[in-house]
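Summary of structural features
Each chain is listed here by its residues.
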Amino acid sequence: MALQFLFNLLIAFLWMAINNNNTGSSFIIGYLIGIVLLLLFRKSRPQTRPFYIRRLWSITKLLLIFIRELTISNFVVIGHILRPKLAIRPGIFAYETALTSEWEVTLLSCLICLTPGTLTLDVSGDGKTLYIHAIDVKDAEVMVKQIRDNFEQVIMEVTR
């Protein structure tokens, strides 16, 4: 992935040098030409690694999902704070993860901790179970499904 990105940058800078134009628009045009050239050369020889733009898109998607979940949970927590009567049901539930590497589990646990209203308390010794505290647990299965659909799938896209 890093080598593909460096080749793409090299092509963009070469494009700027050939045209004797050091503007941002010339760099962007060269960068887009580099993407097309790398894709064409990629078709000629099979590779096992995915094209780096896919991973970049997955990282962007993970960031956008996190920002969405952060915003939603902030409003939910503010709603709990502003209610005259406290109507929360705090609880702890176990979350079985399909993530395999320590880095993936750590990333998931950090994303859960950074989202208001939830906190990863512990990770089992084998790294397969996360124990999560939530400020309002109506249905643990719904929360497990939200974590799996929102974070876990995209983390797998980013890391694999």
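One can find the structure itself at the top, above this paragraph.
Residues numbered from 1 in each chain as written. Predicted model: local features only at pLDDT ≥ 70, side-chain atom pairs only at ≥ 80, totals over all residues. Heavy atoms only, no water.

Moving on, we get to the pairing of strand 2 (residues 118-123). Summarising the sheet, strand 2 and strand 3 (residues 129-134) pair through 5 bridges and their orientation is antiparallel. Residue Thr 118 lies in a different strand from strand 3, and its bridge partner there is Ala 134. Where strand 2 folds back onto strand 3 in an antiparallel hairpin, the turn is made up of 5 residues, including Gly 127, whose phi is positive at roughly 75°. (Pairing = 2+ DSSP bridges. Helix = DSSP H or I, 4+ residues; strand = E, 2+ residues; numbered from the N terminus.)

What follows deals with the packing of helix 3 (residues 52-82) against helix 4 (residues 102-114). The interhelical angle for the contact between helix 3 and helix 4, taken along N-to-C directions, is 30°, at an axis separation of 10 Å. With respect to their mutual orientation, helix 3 and helix 4 come out roughly parallel. Residues Leu 62, Phe 66 and Leu 70 of helix 3 form the contact with helix 4, whose own contacting residues are Leu 107, Leu 111 and Leu 114. Residue classes in the contact of helix 3 with helix 4 are distributed as 6 nonpolar, no polar and no charged. (Axes fitted to C-alpha atoms, helices over the stretch in contact; angles between N-to-C directions. Parallel < 35°, antiparallel > 145°, perpendicular 65-115°, else oblique. Contact = heavy atoms within 4.5 Å. Nonpolar A, V, L, I, M, F, W, Y, C, P; charged D, E, K, R; others polar.)

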